[in-house]
Amino acid sequence: MSKPIYVLNGPNLNLLGVREPEIYGYTRLEDIKATCEALAQVKNVAVVFRQTNHEGELIDWVQEAREAASVLIINPAGYGHTSVALLDALKALKQPIIECHLSNPHAREPFRHHSYVSLAAKAVIAGMGAIGYELAIDAALRLIEQ
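Only a predicted model underlies this, so the values are computations on that prediction, with no experimental measurement involved.

Criteria and thresholds
- Residues numbered from 1 in each chain as written.
- Predicted model: local features only at pLDDT ≥ 70, side-chain atom pairs only at ≥ 80, totals over all residues.
- Heavy atoms only, no water.
- Helix = DSSP H or I, 4+ residues; strand = E, 2+ residues; numbered from the N terminus.
- Contact = heavy atoms within 4.5 Å.
- Polar contact = N/O pair within 3.5 Å; in protein donor to acceptor, adjacent residues only side chain to side chain.
- Axes fitted to C-alpha atoms, helices over the stretch in contact; angles between N-to-C directions.
- Parallel < 35°, antiparallel > 145°, perpendicular 65-115°, else oblique.
- Nonpolar A, V, L, I, M, F, W, Y, C, P; charged D, E, K, R; others polar.
- Buried < 20%, exposed > 50% of the residue type's maximum accessible area, 1.4 Å probe, protein only.
- Pairing = 2+ DSSP bridges.
- Salt bridge = Lys/Arg side-chain N within 4 Å of Asp/Glu carboxyl O.
- UniProt positions renumbered as here; feature names shortened; annotations may be inferred.

(A) Broad picture of the environment of Pro96. As for its position among the elements, Pro96 is in the loop between helix H5 (84-91) and strand S4 (97-101). Separated by 27 residues in the primary sequence, Pro96 and Ala69 place their C-alpha atoms 9.6 Å from one another. Residue contacts for Pro96: discarding those within four places in its chain leaves Ser70, Val71, Leu72, Lys122 and Leu143.

As structure tokens, then:
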């Protein structure tokens, strides 16, 4: 069995389904977690799924993933646009990184058009809502098989 896929989520994603559903959708983070776990289980791969509103905790988990993860999927939320510290932590990983956003940042306010995380990511999935996580898990499983 391979190392787990880490799925890390940044600030305010605990409010999915209630916070600006016209942008982020009505699917709750718990439902996204269950879908990710079910998709990975088909290939006998575990998922470590976490959410935090604290930048330092997110960085600690990225550093943990250096040893523990096969692939890192990250929805950095607002930290993607602001955190050089998160970028520095991501650049220390050798594992593939998939950046995932529910909305399309490029179709939103100009400050959202730049992502520090993208500088370290192998791929970016954006604008597909909760389905984006399913696409990211599928891509992660394919990367593990390679």
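Next comes the rest of the write-up.
(B) Region of the structure containing the side chain of Asn9. Of note, Asn9 is situated in strand S1 (residues 5-9). Side chain to side chain, Asn9 and Tyr133 meet in a polar contact 2.5 Å long. Setting aside its immediate chain neighbours within four residues, Asn9 contacts Leu29, Phe49, Arg50, Gln51, Thr52, Leu58, Asn75 and Tyr133.

(C) Structural view of the packing of helix H3 (residues 55-68) against H5. Packing of H3 against H5 leaves a shortest axis separation of 9 Å and a crossing angle of 10°. One way to sum up the angle between H3 and H5 is to call them roughly parallel. Contact residues: H3 offers Glu55, Leu58, Ile59 and Val62, while H5 offers Ala85, Leu86, Ala89 and Leu90. Broken down by class, the residue content of the contact of H3 with H5 amounts to seven nonpolar, no polar and one charged.

(D) Molecular detail of the pairing of strand S3 (residues 71-75). Burial analysis of S3 places five of its five residues in the buried class, the great majority of the element. Note: S1 against S3, five bridges, orientation parallel. Bridging from a neighbouring strand, Asn9 pairs with Asn75 of S3. Looking at chain direction, S3 and S4 are connected through three bridges and run parallel. Bridge assignment links Leu72 to a residue of S4, and that residue is Ile97.

(E) Focus on the sheet that holds S3. The strand order S2-S1-S3-S4-S5 describes an open sheet built from five strands, whose pairing is parallel. For this open sheet the edge positions go to strand S2 (47-51) and strand S5 (123-126), each flanked by a neighbour on one side alone. Strand-to-strand twist across the sheet, computed as the mean angle between neighbouring axes with direction ignored, equals 15°. Both S1 and S2 contribute to a ladder of five bridges, which runs parallel. Across the sheet, residue Leu8 finds its bridge partner in S2, namely Arg50. Here helix H2 (residues 29-41) sits on the sheet and contacts S1 and S2; the angle it forms with S2, its principal contact strand, is near 165°.

(F) Region of the structure containing the pattern of salt bridges. All chains considered together, the criterion is met by six salt bridges. The salt bridge involving Arg50 is made with Glu64; its shortest N-O contact spans 3.0 Å. In this pair, Arg50 is assigned in strand S2 and Glu64 in helix H3, connecting sequence segments 14 residues apart. Given the relative accessible area of 23%, Arg50 is considered partly exposed. Several salt bridges share partner residues, and in doing so they unite Arg28, Glu30 and Asp31 into one network.

(G) Summary view of the UniProt feature "binding site: substrate" (unreviewed entry) in the chain. This chain's UniProt record puts "binding site: substrate" (unreviewed entry) on Asn75, His81, Asp88, Leu102, Ser103 and Arg112. Here Leu102 shows up in the loop between S4 and S5. When near neighbours in sequence (up to four residues on either side) are disregarded, Leu102 contacts Leu13, Leu16, Tyr24, Ile32, Asn75, Gly127, Met128, Gly129, Ala130 and Tyr133.

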